[in-house]
Protein chains: 2
Amino acid sequence: MATITGATRVFGILADPIAHVRTPALFNALLEEAGVDGVMVPIHVASNELASLWQGLRAMKSLGGLVVTVPHKSAILDLCDEVGDAARAIGAANVVRRTDDGHMICDMYDGKGFLEGMRAQGRDPAGRSVLLVGAGGAASAIAFALAEAGVESLTIANRTEAKAADLVARLSRHYPDGRFAVGQAVAGGHDIVVNGTALGLRPDDPLPIDLEGAGSDTIVADIIMKPEVTPLLAAARDAGLTTHGGIHMLRAQLRLLAEFVGALPRE
Amino acid sequence: MATITGATRVFGILADPIAHVRTPALFNALLEEAGVDGVMVPIHVASNELASLWQGLRAMKSLGGLVVTVPHKSAILDLCDEVGDAARAIGAANVVRRTDDGHMICDMYDGKGFLEGMRAQGRDPAGRSVLLVGAGGAASAIAFALAEAGVESLTIANRTEAKAADLVARLSRHYPDGRFAVGQAVAGGHDIVVNGTALGLRPDDPLPIDLEGAGSDTIVADIIMKPEVTPLLAAARDAGLTTHGGIHMLRAQLRLLAEFVGALPRE
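Just so you know, these numbers come straight off a predicted model, no measurement behind them.

Caption draft 1: Expanded view of the overall build of chain A. Assigned secondary structure in chain A consists of eight helices and 12 strands. Dimensions of chain A, computed from the C-alpha atoms along their principal axes, are close to 55 × 35 × 35 Å. Looking at chain A as a whole, 55% of its 267 residues are labelled buried. Of the contacts made within chain A by residues no fewer than 6 positions apart, 69% connect residues no fewer than 24 positions apart. As presented, chain A carries roughly 10800 Å² of accessible surface, and 49% of it is formed by carbon and sulfur atoms.

Caption draft 2: Just the nonpolar core, in detail. By size, the foremost hydrophobic cluster in this structure holds 120 residues, and its most contacted members are Trp54 of chain A together with Trp54 of chain B. Of all the elements, helix α5 (residues 137-149) of chain A adds the most residues to this core, at 10 residues. If sequence neighbours within four positions are ignored, Trp54 of chain B has contacts with Leu14, Leu66, Ile76, Leu79, Cys80, Val96 and Met104 of chain B. Core analysis: the next-biggest nonpolar cluster, separate from the first, contains 23 residues, Leu30, Leu257, Ala258 and Leu264 of chain A among them.

Caption draft 3: Looking closely at the relation of the copies chain B and chain A. Of the transformation superimposing chain B on chain A, the axial component is 0.7 Å and the angular component is 169 degrees, with the fit at an RMSD of 2.0 Å. When the interface residues of chain B are mapped onto chain A, 100% of them again fall at the interface, so both copies present the same face.

Caption draft 4: Examining the sheet that holds strand β2 (residues 38-44) of chain A more closely. Residue and element names in this part refer to chain A. Overall, mixed pairing links the six strands, which are arranged β2-β1-β3-β5-β6-β4 in an open sheet. Among the strands making up the open sheet, the edge pair consists of β2 and β4 (82-83). Examined bridge by bridge, β4 and strand β6 (residues 104-107) share two bridges and lie parallel to one another. From the neighbouring strand, Val83 faces β6, where its bridge partner is Cys106.

Caption draft 5: Seen up close, the sheet that holds strand β2 (residues 38-44) of chain B. Residue and element names in this part refer to chain B. Taken in spatial order, the six strands of this open sheet run β2-β1-β3-β5-β6-β4, and their pairing is mixed. The strands lining the two open edges of the sheet, one partner per strand, are β2 and β4 (82-83). Here three bridges tie strand β3 (residues 63-68) to strand β5 (residues 95-98), and the two strands are oriented antiparallel to one another. Each bridged residue has a counterpart across the sheet, and for Val67 the counterpart in β5 is Val95. Against the sheet, helix α8 (residues 247-260) makes contact with β3, β5 and β6 (104-107), and its axis sits at roughly 25 degrees relative to β5, the strand it touches most.

Caption draft 6: Inspection of the interface of chain B and chain A at higher detail. Facing 31 residues of chain B, the contacting portion of chain A comprises 31 residues. Interface of chain B and chain A: buried area, both sides summed, is about 2400 Å²; carbon and sulfur atoms make up 66% of it. For the pair chain B and chain A, the number of links is zero salt bridges. The interface formed by chain B and chain A contains nine residue pairs in polar contact (both at pLDDT 80 or more). Of all the secondary-structure elements, those providing two or more residues to the side of chain B that touches chain A are α1 (23-33), β2 and α2 (50-59) of chain B. Broken down by element, the residue count for the side of chain B that touches chain A peaks at six residues, all from β2 of chain B.

Caption draft 7: Region of the structure containing the side chain of Gln253 of chain B. All names here are of chain B. Within the secondary structure, Gln253 sits in helix α8. Given a relative accessible area of 5%, Gln253 falls into the buried group. Every residue in contact with Gln253, bar those within four places of it in the chain, is listed here: Asn94, Tyr109, Asp110 and Gly113.

Caption draft 8: Local environment of the packing of helix α4 (residues 110-120) of chain A against helix α8 (residues 247-260) of chain A. Residues and elements named next belong to chain A. Viewed as axis vectors pointing N to C, α4 and α8 meet at an angle of 120 degrees, and their least axial separation amounts to 7 Å. With respect to each other, α4 and α8 are oriented oblique. Viewed along their axes, α4 and α8 form a crossing whose handedness is right-handed. Between α4 and α8, the residues in contact are Asp110, Lys112, Gly113, Phe114, Glu116 and Gly117 and His248, Met249, Ala252, Gln253 and Leu256, respectively. Of the residues belonging to the contact of α4 with α8, the class tally is four nonpolar, four polar and three charged.

What counts, and where the lines are drawn
Once a new chain begins, its residue numbering starts again from 1 and follows that chain's sequence as written. Note on labels: chains are lettered from A, ligands numbered from 1, in written order. Where totals are concerned, whole chains, interfaces and linings use all residues; where local detail is concerned, this predicted model gives features only for residues with pLDDT of at least 70, and gives and counts side-chain atom pairs only at 80 or more. Hydrogen atoms and water are omitted, and side-chain values are computed over all heavy atoms in the structure. Each helix corresponds to a stretch of at least 4 residues labelled H or I by DSSP, and each strand to a stretch of at least 2 residues labelled E; elements are numbered beginning at the N terminus. Burial classes: relative accessible area under 20% of the type maximum marks a residue as buried, over 50% as exposed, and values in between as partly exposed (1.4 Å probe, protein chains only). Whether two residues are in contact is decided by their heavy atoms, any of which lying within 4.5 Å being enough. In these tables, accessible area is a Shrake-Rupley quantity obtained with a 1.4 Å probe, and a residue counts as shielded only by the protein chains included in the view. Nine residue types can take part in a nonpolar core, namely buried Ala, Val, Leu, Ile, Met, Phe, Trp, Tyr and Cys, and a core is a set of them joined through side-chain atoms within 4.5 Å. Superposing the copies works by least squares over the C-alpha atoms of residues that have pLDDT at least 70 in both of them. Should DSSP find at least two bridges between two strands, the strands are taken to pair. Axis definition: a line fitted to C-alpha atoms, over the contacting stretch in the case of helices. Angles run 0 to 180 degrees between N-to-C directions. What gets called buried area is simply the loss in accessible area from a 1.4 Å probe that two parts show on being joined, summed for both. Salt bridge, as used here: a side-chain nitrogen of Lys or Arg that lies within 4 Å of a carboxyl oxygen of Asp or Glu. Pairs of N or O atoms within 3.5 Å make up the polar contacts considered here, provided that, within protein, one atom can donate a hydrogen while the other can accept it, and that residues adjacent in sequence are counted only when both atoms are side-chain atoms. Should an angle fall under 35 degrees it is taken as roughly parallel, and over 145 as roughly antiparallel, whereas 65 to 115 is taken as roughly perpendicular and any remaining angle as oblique. Working rule for handedness: look at the near helix, and if it is turned counterclockwise from the far one by less than a right angle, call the crossing left-handed; if clockwise, right-handed. When residues are grouped by polarity, Ala, Val, Leu, Ile, Met, Phe, Trp, Tyr, Cys and Pro land in nonpolar, Asp, Glu, Lys and Arg in charged, and all others, Gly among them, in polar.

Right, here's the structure in full:
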């Protein structure tokens, strides 16, 4: 990294826990490559202190913006002065730009990032049957991006089924011609299965998806980046299935986020 | 600099304006040299938003602490949960440690930094007659540190004599056995003379101290760092006297600040 001076623009990543996040290293490498005098640092904050933190971030003139991850993606909507269309539809945001006068403007790029990451690996979900597990911020974003991409069908499975039903209802409102359903977290019958939950971050987490019945050409995707090979991906690999790690989503998304916060010029 | 990860400890420097500050580059070099996973970034905040910022910094769990400079050195005293003895006596602080539960503890190291810088060069002021020119924040901090170090006598000279008298009164309250006096900015009769003002920053500034009558073993010290050789130090060198530049104070203080905020283990 280049030397940090008093003129360096600061960016933050908001998370809790935070030790595992990989965005700062990748984001900073992107800025250095572009010759930008900016740096991203971890901002660890608990949910019950997010509003207090927010007041401070508004007052921090050297702050350019934030990348936001679990568990703050939904909570920041109410704290922002402007909310982008994608974030509004999904009910969550993962990036915030701070204007010079302290206004906070957010939007959601998780879905675009996941989709671009799939496409970059030659795994276009258009016309495929997809199972998505989870109905939180990231999962919702991915669901909307998959709907936009024209999947053949999208099944949502979630521990709290009402949340899955709510997501299906929102998807149906935005994409009246789409095929959306609430279902079980079982791979059988789907071309692509996606873990959109945090299960797998901790070593003793249960597998988020039952791989029972998965066809040999099933793609098993995870949004978790650390460990790089989650227990789900390890199990999929053992079963001879194609795996798609969280890093693809992050890499595809990084430039979009850097542009949104003003760290890089828009391409 | 080393790669910043989610586990990297963050430190800030608070200032307004901030573009000129040199501390982040030097502090980060110190941490890198010590192999510490930490980074200092500029936190630019206006005085009227300092209290809002403070609430945010309390909530930021990845924040280890702050170095504080103009114009916030006095204002932070009221915002901290604990104020060190030196800061309390001087009425200003330049460093804040954030405990894991968000408590903010400040202290003042400008004086200790000056003292350690002298000692590191084998110039212990204990038992010596010292002339200090200036009565502002930095000069006050140095005065208290010199009193604590056990100087034989300390003479304060200041353009506005009432401020010198006030500093002498505060010193006398804290060190009833010390010998403190208001005097003239003339070197004669002193073992060590110190410029604690900003005179010398600009090329056309008058010399802060008249070197008339200085004995050949007089030490002439300056707190100004840029230029490295101030007109005062150049004059002292021409007169064959020992000179002591401002960089010694900064270097000695950096380590103390890094220790105070927990970035380096205490030596």
